[in-house]
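# Examining the three-dimensional arrangement
Next come the chains, spelled out residue by residue.
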Amino acid sequence: MIRFENVGVSFAGKRLFHGFSLSVGTGERIALTGESGTGKSTVLGCLLGFVMPDDGTIEVEGTRLEPSTVWAIRRRIAYVPQEADLGGGTVDSFLQRPFQYAANRPLHDNLQRGPALFEALGLKPGLETAAVASLSGGEKQRIALAAALLLDRPILVTDELTSALDRQSAERVSELLLQQQGLTMLGVVHEGSRMPFATRVVEVRHDH
């Protein structure tokens with residue numbers, strides 16, 4: 001499903017990492033761990049085409065990631081950043097926004113699953129009408145996850161998904177993701193944290 005082959009990245013003339021290789025099979029849930037500054041989030045940035053590697057190759061579903069394919073590949077990936085930017089307006093307007101794009105319009109009926117996802121994530125009823133500005137960081141993370149799942153994309157990429165959540169909320173997230181049969185996940189986990197729904201843990205190390 002995802003393949004990194006000898007990928008290397010430098011910033012400001014300094015190697016962050018090199019020779020990074022990883023193969024992720026369909027339905028695998030991979031936790032990327034490692035010390036702060038080793039490049040875990042940069043790995044995600046490379047997969048999404050936000051960061052261009054100095055060397056190596058990245059493939060998604062057999063398609064090599066390059067400028068001509070990046071948009072098609074992004075349409076196969078749902079991304080939840082560590083600090084989700086939900087924009088302005090209400091929660092409902094945020095949830096509706098992705099389905100205004102032509103590529104997602106056929107999935108508009110998926111919004112009917114929103115209330116069930118909110119309940120599974122422990123989000124209070126009626127939160128859809130709340131102003132985004134009134135939300136806590138943990139609420140924003142869970143709403144961003146719900147929005148990502150509504151897109152029904154085969155790959156979910158997350159960056160410290162539960163960093164703003166209490167233990168109970170984090171457990172709800174884990175339970176929900178365990179139920180997503182066939183979903184392939186690649187998620188950054190802060191050192192010392194847990195990603196109990198992961199099927200495999202991969203450590204990213206500094207280049208020396």
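Right, let's walk through the structure included here. Note that the structure is predicted; figures quoted are calculated from it, not measured.

## Structural notes on the sheet that holds strand β7 (residues 155-159)
Taken in spatial order, the 5 strands line up as β6-β7-β8-β3-β9 in an open sheet, and their pairing is parallel. Edge positions in the sheet fall to β6 (77-80) and β9 (200-203), since each has one partner strand and no second. Strand after strand, the sheet turns through a mean of 20° between neighbouring axes, direction not considered. Sheet topology places strand β3 (residues 29-33) next to strand β8 (residues 184-188); 4 bridges connect them, and they run parallel. Paired with Arg 29 across the strands is Met 185, a residue of β8. Packed on one face of the sheet, helix α5 (residues 137-150) meets β6 and β7 and runs near 175° to β6.

## Describing the pattern of salt bridges
Scanning the model with the defined rule gives 5 salt bridges in all. Residues Glu 28 and Arg 200 are paired through a salt bridge, measuring 3.0 Å at the closest nitrogen-oxygen approach. A residue pair is termed long-range when its members are at least 10 positions apart, and Glu 28 in the loop between β2 (14-24) and β3 and Arg 200 in strand β9 qualify at 172 residues. On the basis of relative accessibility, which here comes to 22%, the residue Glu 28 falls in the partly exposed class. Its relative accessible area of 30% is what places Arg 200 among the partly exposed residues. Across the salt bridge formed by Glu 61 and Arg 76, the nearest N and O atoms sit 2.7 Å from each other.

## A short note on the packing of aromatic side chains
In the structure shown here, the tally under the stated rule is 3 aromatic pairs. Three or more aromatic residues joined by ring pairs make a cluster, and in this case those are Phe 4, Phe 17 and Phe 20.

## Regarding the nonpolar core
Residues Leu 95, Ile 143, Leu 145, Leu 156 and Leu 177 are the most contacted members of the largest nonpolar core, which totals 39 residues. Every element with two or more residues in this core is listed here: β6, α3 (91-96), α4 (114-120), α5 and α6 (167-178). Ranked by size, the runner-up nonpolar core spans 29 residues in total, among them Phe 17, Val 24, Ile 73 and Val 188.

Reading guide: rules and limits
Residues numbered from 1 in each chain as written. Predicted model: local features only at pLDDT ≥ 70, side-chain atom pairs only at ≥ 80, totals over all residues. Heavy atoms only, no water. Pairing = 2+ DSSP bridges. Helix = DSSP H or I, 4+ residues; strand = E, 2+ residues; numbered from the N terminus. Axes fitted to C-alpha atoms, helices over the stretch in contact; angles between N-to-C directions. Contact = heavy atoms within 4.5 Å. Salt bridge = Lys/Arg side-chain N within 4 Å of Asp/Glu carboxyl O. Buried < 20%, exposed > 50% of the residue type's maximum accessible area, 1.4 Å probe, protein only. Phe/Tyr/Trp six-rings, centres within 6.5 Å; stacked < 30°, edge-to-face > 60°. Core = buried A, V, L, I, M, F, W, Y, C linked by side-chain atoms within 4.5 Å.

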